[in-house]
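# Summary of the model geometry
Okay, here's what each chain looks like letter by letter:
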There are 2 protein chains.
Amino acid sequence: MENFSIGVREVELLALGAAFLGTGGGGDPLVGKLMLRRYMEGKGSIEIVDGSSGKDEFVLGSAMMGAPIVMIEKVPGGGEAVKALKVYSQIAGRKVDFITPLEIGGINSIIPLIVSIQTGIPVLDGDGMGRAFPELQMTTFYADGIPVSPVVVFDERGNVSVVQGVDGYWSEKIARVITVRYGGSAYIALHGMELSEYSRSAVLGSLSTAIQVGERLASKNIDSLRDLLHCVHLFKGKVIEVYRRVERGFSKGYVVLEGADQWKGKTMRVDFQNEFLIAKEGDKIVATVPDLISFVDAYTLTPVTTDRVRYGQRLVVLGTPSHPKLRSTEMLKYVSPRAFGYDVNFTPLGAS
Amino acid sequence: MENFSIGVREVELLALGAAFLGTGGGGDPLVGKLMLRRYMEGKGSIEIVDGSSGKDEFVLGSAMMGAPIVMIEKVPGGGEAVKALKVYSQIAGRKVDFITPLEIGGINSIIPLIVSIQTGIPVLDGDGMGRAFPELQMTTFYADGIPVSPVVVFDERGNVSVVQGVDGYWSEKIARVITVRYGGSAYIALHGMELSEYSRSAVLGSLSTAIQVGERLASKNIDSLRDLLHCVHLFKGKVIEVYRRVERGFSKGYVVLEGADQWKGKTMRVDFQNEFLIAKEGDKIVATVPDLISFVDAYTLTPVTTDRVRYGQRLVVLGTPSHPKLRSTEMLKYVSPRAFGYDVNFTPLGAS
């Protein structure tokens, strides 16, 4: 891997690819793209840096927290993410050398780029999930023993809270209620670490991958997408039911599809908590977290987030094997179906 | 006023008096007393310092947050309050010279004493309410422009959150949801200020007053209590209805009494949010915040908190005119009946 710069075109592809890898969550990519465009005007390109080696540099995660559907209604400002980073830097007494996304998904792939434009701090080509997950402790960083805390939780009014949980679950729970109290979304800075820790723990190259996924989706070439990600065609059909509620700071619910083509006469149900978690064809589970379940429009191949799913849409459901780091015993404690309350083991896509 | 030391006996009187001045809230005094006894064993006395003059010394508030009924179920440890103070001191980069109670009421008059025993830091003879109120922005300190934030919110597991709200209301709202998430109670350190600010803003002498109130209650001398506080006999009767729920971190509800003696044939309803807020005889409002409404057992004169009120108890309801600082235009913004959602103006006791 090597360093590279990205401009408006790559950012658009990144937003598209991240919406796919975000498996329905991570916030609407359109919102992030609009934010970034505003900040990029006349500012040139953003430096993306290989994170596979390094030593004394300090890395910080930057993201939004909250139910994506709320983030859409309160279009984010961007300046708040920089303020959150500055508060973190001050508390830690460390200069931030690199910013990392925590997840690949709509808004949360874009927020680090916006911070980069405003601060000049480069972004690392990697993240802690290789996809999107709904909770803070669901990262390779945390599975590798790197603490989530302190978490700086900032809102657009200027409220700042700093959370030092006894573990990742508590950091998540406390930061979540603060986010809900703020009105449903917050800017967070967290997971400060040495670059050497990052190199060992991150899902490396995930920003580059997202851009490549975006290219293939934009060119409507599903075969080349399959070659890149080894994804599986799980279902094709029409949305006949959507149940969605915002509960304790998450979008939760399920989608039911009625089959078309080779799935005619069959139905698929997909549950979500911000992200798609588990896909069932009839009574048979065909894909679960941490593998990626993505919805794309059957005609345009545009990824469809959990918040944008509507009755009557024609969709293709694709399953993508997760990064090997997500399938480790330690990581599965945090991201297997059981971590989301399902009494089901993880069966890797492609294993049966 | 002058400095003095208190021992176990004075602490018991303080707990009793604070329960009266706590107007039903502030936590069960028995719990605080038991905690303090444990810490006082063999440790001698606690130094109480006149806070009416001073300059460069740094004052910090120490308290518990949460619904008192939860504090009773999770008997507090005490060491956590010291840890909250230490985190505050570190963040502020200031040595804490004096501890102040924020309110006079069951647990929250005792917590500063427990911190004092463990740290050797003396306690100031004063507070920010001269009684108890349920929310953080309801202090003379805040009315006088001294910021509530940062608020260190600590729990018995070791979770620490630091809240910097844009104003006192936001500090309250954020610290409250964190407290609820912790399980309903938390140890807080807040309202750091210079002693010169304290001297100007605090309700001075309120710890001494609480001890005097305790002496008069212990000797069952209601006339001498009336001489000290100028309190009014509002009602006497039997509890015929109690409605109580824990809602968003508060104990809320009302009590209905059926009259005895000169109130025979009449009823009184008293609403509360942790503390008693408004007392009505029939349709007529006879006392409201910020004046103090206190319940005492008709036979023993023991104060009865909102959590301890039970069907069938025989009670006397006393109204005590609030300290002049609580009746200022600025302070009434935060503690008048309107601040609690009642469409009623404050009519001072003794004014009609």
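Bear in mind the structure is a predicted one, so any value in this text is a computation, not a measurement.

### Let's talk about the overall build of chain A
On a plain count of helices and strands, chain A comes out with eleven helices and 17 strands. The C-alpha radius of gyration computed for chain A amounts to 19 Å, which stays within 12% of the reference 20 Å derived for 352 residues, consistent with globular compactness. For chain A, the spread of C-alpha atoms along the principal axes amounts to about 60 × 40 × 35 Å. Burial status across chain A gives 61% buried among its 352 residues. Within chain A, contacts between residues separated by at least 24 positions form 73% of all contacts whose residues are at least 6 apart in sequence. Carbon together with sulfur atoms contributes 49% to the accessible area of chain A, which is approximately 13,000 Å² in total. Mean positive and mean negative side-chain charge positions of chain A (38 and 39 charges, respectively) differ by 5 Å.

### Section: the pattern of salt bridges
Side chains carrying opposite charge are able to pair once their charged atoms draw close together. According to the stated counting rule, one finds 26 salt bridges over all chains in the structure shown. Here A:D343 and A:R338 are joined by a salt bridge, their closest N and O atoms 2.6 Å apart. Of the residues examined, A:R338 reaches a relative accessible area of 42% and is grouped as partly exposed. B:R245 is paired through a salt bridge with B:E247; the nearest N and O atoms lie 2.6 Å apart. Of the residues examined, B:E247 reaches a relative accessible area of 22% and is grouped as partly exposed. By sharing partners, the salt bridges in this structure join A:R245, A:E247 and A:K252 into a single network.

### Comments concerning the packing of aromatic side chains
Under the criterion given, the structure shown has 16 aromatic pairs over all chains. Between B:Y142 and B:Y334, the ring centres sit 5.3 Å apart and the planes meet at 65°, which makes this aromatic pair edge-to-face. One end of the pair, B:Y142, is in helix α6 (residues 140-143); the other, B:Y334, is in helix α11 (residues 329-335), with 192 residues separating them in the sequence. When sorted by exposure, B:Y142 lands in the same class as B:Y334, which is buried. One aromatic cluster in this structure is built from A:Y142, A:Y169 and A:Y334. Note that A:K173 overlies the ring of A:W170, its terminal NZ or CZ placed 3.9 Å from the centroid. Positioned over the ring face of A:Y254 is A:R269, at 3.9 Å from the centre of the ring.

### Quick look at the relation of the copies chain B and chain A
Related by rotation about an axis and a shift along that axis, the two copies of the chain form a pair. Once chain B is rotated about the relating axis by 180° and shifted along it by 0.0 Å, it coincides with chain A to within an RMSD of 0.0 Å. A rotation of that kind, with that shift, is consistent with a two-fold axis. Minimal C-alpha separation from the rotation axis in chain B is found for B:V162, amounting to 2.5 Å. The overlap is high: 100% of the interface residues of chain B also sit at the interface in chain A, so the same surface is used on both sides.

### As for the nonpolar core
If you look at the biggest cluster of nonpolar residues, it comprises 110 residues, and the most contacted ones within it are A:L113 and B:L113. What B:L113 contacts, discounting residues up to four positions off in sequence, is B:I6, B:V11, B:L14, B:L36, B:I46, B:I48 and B:V123. Within the second largest apolar cluster, 80 residues are counted, among which are A:F141, A:F340, B:A143 and B:Y198.

### A closer look at the interface of chain B and chain A
Facing the 17 residues of chain B at the interface are 17 residues of chain A. Around 1,600 Å² of area is buried between chain B and chain A when both sides are counted, 62% of it from carbon and sulfur atoms. Looking only at chain B, the three residues that lose the most surface to chain A are B:N159, B:W170 and B:R181, adding up to 35% of its buried area. For the pair chain B and chain A, the interface holds zero salt bridges.

### Digging into helix α4 (residues 79-92) of chain B
The periodicity of an α-helix, 3.6 residues per turn, causes residues three or four places apart in sequence to face the same way. Residue and element names in this part refer to chain B. Relative to the 20 Å expected for 14 residues at 1.5 Å per residue, α4 spans 20 Å between its end C-alpha atoms, a close match to the ideal helical length. Those residues of α4 that fall on the buried side of the exposure criterion are E80, A81, V82, A84, L85, Y88 and S89. The elements touched by buried residues of α4 are β3 (58-66), β4 (98-100), α5 (106-119), β7 (151-154) and β9 (185-194). G93, located one to two residues past α4, shows a positive phi value of around 65°.

### Re the confidence of the model for chain A
Per-chain confidence: chain A averages 92 in pLDDT, with 95% of residues scoring 70 or above. Among the scores for the predicted complex, ipTM is 0.85 and pTM is 0.89.

### Structural notes on the environment of B:S196
Residues and elements named next belong to chain B. The residue S196 is located in helix α8 (residues 195-201) in this model. Under the relative-accessibility criterion, S196 is labelled partly exposed at 33%. Remark: the alpha-carbon pair of S196 and D56, spanning 140 residues in sequence, is separated by 7.3 Å. Beyond its immediate sequence surroundings of up to four residues, S196 is in contact with G54 and K55.

Rules behind the numbers
The residue count restarts for each chain, going from 1 along the sequence in the order it is written. Chain letters start at A and ligand numbers start at 1, both assigned in the order the entries are written. Totals for whole chains, interfaces and linings use every residue, but because this is a predicted model, local features are given only for residues with pLDDT of at least 70 and side-chain atom pairs only at 80 or more, for both listing and counting. As a rule here, side-chain values cover all heavy atoms of the structure and leave hydrogens and water aside. Note on conventions: DSSP H or I runs of at least 4 residues are helices, E runs of at least 2 residues are strands, and numbering of each starts at the N terminus. For this measure, only C-alpha atoms enter the radius of gyration; the expected value for a globule follows 2.2 Å times N^0.38, where N is the number of residues. For each residue, the accessible area found with a 1.4 Å probe, counting protein chains only, is set against the maximum for its type, and the residue is called buried under 20%, exposed over 50%, and partly exposed in between. Residues count as neighbours in contact if any of their non-hydrogen atoms are within 4.5 Å of one another. In this description, accessible areas are obtained by the Shrake-Rupley approach with a 1.4 Å probe, and a residue is regarded as covered only by the protein chains that are shown. Here the positive residues are Lys and Arg and the negative ones are Asp and Glu; neither His nor the chain ends is included. All charge positions are set by atom: Lys at NZ, Arg at CZ, Asp at CG, Glu at CD. What makes a salt bridge here is a side-chain nitrogen of Lys or Arg within 4 Å of a carboxyl oxygen of Asp or Glu, nothing more. Aromatic pairs are defined between Phe, Tyr and Trp rings, using the six-membered ring for Trp, whenever the two ring centres lie within 6.5 Å; interplanar angles under 30 degrees are classed as stacked, those over 60 as edge-to-face, and all others as tilted. Note on geometry: a ring has a charge over it if NZ (lysine) or CZ (arginine) is within 6 Å of the ring centre and within 35 degrees of the ring normal. Fitting of the copies onto one another was done by least squares over C-alpha atoms, counting residues only where both copies have pLDDT of at least 70. Only buried Ala, Val, Leu, Ile, Met, Phe, Trp, Tyr and Cys residues count toward a nonpolar core, and they belong to the same one when joined by side-chain atoms within 4.5 Å. Accessible area, probed at 1.4 Å, shrinks when two parts are joined; the buried area is that loss added up over both. Here the expected span of a helix is defined as 1.5 Å times the quantity of residues minus one. Note on scores: pLDDT gives the predictor's confidence for each residue, bounded by 0 and 100.

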